[in-house]
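Residue strings, one per chain:
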There are 2 protein chains.
Amino acid sequence: MNIEKAASQLEALGNVTRLQIYRALVRAGEEGLPVGRLQEKLDIPGSTLSHHLKRLVDTGLVVQDRQATTLICTANYSHMNALIGYLVDECCADQGCDGPRTRVVA
Amino acid sequence: MNIEKAASQLEALGNVTRLQIYRALVRAGEEGLPVGRLQEKLDIPGSTLSHHLKRLVDTGLVVQDRQATTLICTANYSHMNALIGYLVDECCADQGCDGPRTRVVA
DNA sequence: ATACTATTTCCACAATCATCGAAATATGTC
DNA sequence: GACATATTTCGATGATTGTGGAAATAGTAT
């Protein structure tokens, strides 16, 4: 994880529609959701949804897997964990934190 | 915390320059850093820095406190903690997570 | 008041983003 | 092949963002 990747993942989540998408996928669990079901749930045009999904997939936060004609989307927990880990370590957010956990180079 | 606030905070952090600013402030700890020191560290024009700082302050992630002519900026841990908490709870990111921690209303 | 430092606001501009209808593509079925 | 469904790409448009120089403001000291 580096600062550029963290920033791009944060940016991907930093949009209400995309955060809704991601949340829906997390709640759907391991089996995920087809694009069509996401579209129903969020009630947005397919082209808009596809556009947002692409951004989430590009950053690695969401994974897609074709199953016949439908595309199943799932939240990629490991990437989210890495992001949270970065925020906690680099940009420490722990309650009792009083400095970075790793030695600062410069 | 609601989804709009979480998204706007994520968006605020979703920019390399702003994430650098935030990280520098976290590393500076409780005493924070004056705007001028931030400007030296990041080597960017004052107007650009001021613009980014405003976004971080608006979302509550950074707090500013005047000390004579200099403005001291500090990272607001409580807001970051709330954000992380939201991500972990609503958009669960724990390793062993297999669903939301709270009951889903709809 | 003047001068000085710190920071912001104003202004402009190029770049990126969000949106969505229409057309195109992918996959499977008959 | 023809057809149906699922999803993406194309193309256009308005809105927002990132950037930074120049001017303005805030605060302090002399």
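All residue numbers refer to position in the chain's written sequence, counted from 1. Note on labels: chains are lettered from A, ligands numbered from 1, in written order. Totals for whole chains, interfaces and linings use all residues, but because this is a predicted model, local features are given only for residues with pLDDT of at least 70 and pairs of side-chain atoms are given and counted only at 80 or more. Note that the side-chain values use all heavy atoms of the structure and ignore hydrogens as well as water.

## Observations concerning the sheet that holds strand 1 (residues 33-34) of chain A
Residues and elements named next belong to chain A. When DSSP finds at least two bridges between two strands, those strands are taken to pair. By definition, any uninterrupted DSSP run of H or I lasting at least four residues is a helix, any uninterrupted run of E lasting at least two residues is a strand, and each is numbered from the N terminus. Taken in spatial order, the three strands line up as 1-3-2 in an open sheet, and their pairing is antiparallel. Edge strands, defined here as strands with exactly one partner in the open sheet, are strand 1 and strand 2 (62-67). When strand 2 meets strand 3 (residues 70-75), the two strands line up antiparallel, connected through six bridges. When the bridges of strand 3 are listed, Q67 appears paired with T70. Contacts are residue-level and defined by heavy atoms, with any inter-residue pair within 4.5 Å sufficient. Only the stretch in contact is used when a helix axis is fitted, and all axes are lines through C-alpha atoms; the angle between N-to-C directions ranges over 0 to 180 degrees. Running over the sheet, helix 4 (residues 46-58) touches strand 2 and strand 3 and is turned about 115 degrees from strand 2.

## Points about the protein's contact with DNA strand D
Inspection of the region around DNA strand D gives 23 residues, with A:G36, A:L71, B:H51, B:H52 and B:R55 positioned closest. Taking the atoms of DNA strand D that fall within 4 Å of the protein, sugar and phosphate contribute 70% of them. B:H52 is positioned such that a nitrogen or oxygen atom in its side chain is 2.6 Å from a phosphate oxygen of DNA strand D. In the analysis that follows, any N or O atom pair within 3.5 Å is treated as a polar contact, provided that within protein one partner can donate a hydrogen and the other can accept it, and provided that, for residues neighboring in sequence, both atoms belong to side chains. Contacts to DNA strand D include B:R55, whose side-chain N or O atom sits 2.7 Å from a phosphate oxygen. At the level of elements, helix 3 (35-42), helix 4 and strand 3 of chain A together with helix 2 (16-28) and helix 4 (46-58) of chain B are the ones that each hand at least two residues to the surface near DNA strand D. No other element matches helix 4 of chain B, which puts five residues into the surface near DNA strand D. Split by residue class, the surface near DNA strand D holds five nonpolar, 14 polar and four charged. Nearness is defined per residue: one heavy atom within 4 Å of the molecule or strand is enough. Think of it as three bins: nonpolar holds Ala, Val, Leu, Ile, Met, Phe, Trp, Tyr, Cys and Pro, charged holds Asp, Glu, Lys and Arg, and polar takes everything else, Gly as well.

## Remarks on the environment of B:S78
All names here are of chain B. Along the chain, S78 falls in helix 5 (residues 77-89). Among the residues examined, S78 registers a relative accessible area of 46% and is labelled partly exposed. Along the chain, S78 and G60 lie 18 residues apart, while their C-alpha atoms are 9.3 Å from each other. Polar contacts involving the side chain of S78 include one to the side chain of N76, which spans 2.9 Å. A simple rule labels every residue: compare its accessible area, found with a 1.4 Å probe on the protein chains alone, to the largest value its type can have, and call it buried under 20%, exposed over 50%, or partly exposed in between.

## With respect to the confidence of the model for chain A
Predicted coordinates in regions of low pLDDT should not be interpreted in detail. All names here are of chain A. What pLDDT reports is the predictor's confidence in each residue, on a scale of 0 through 100. Per-residue confidence for chain A gives a mean pLDDT of 88, with 85% of residues at or over 70. Between the elements of chain A, mean pLDDT differs from a low of 91, seen in helix 5 (residues 77-89), to a high of 98, seen in helix 4. Across residues 95-106, confidence stays below pLDDT 50; counting only partners more than four residues off in sequence or on other chains, it has 11 contacts.

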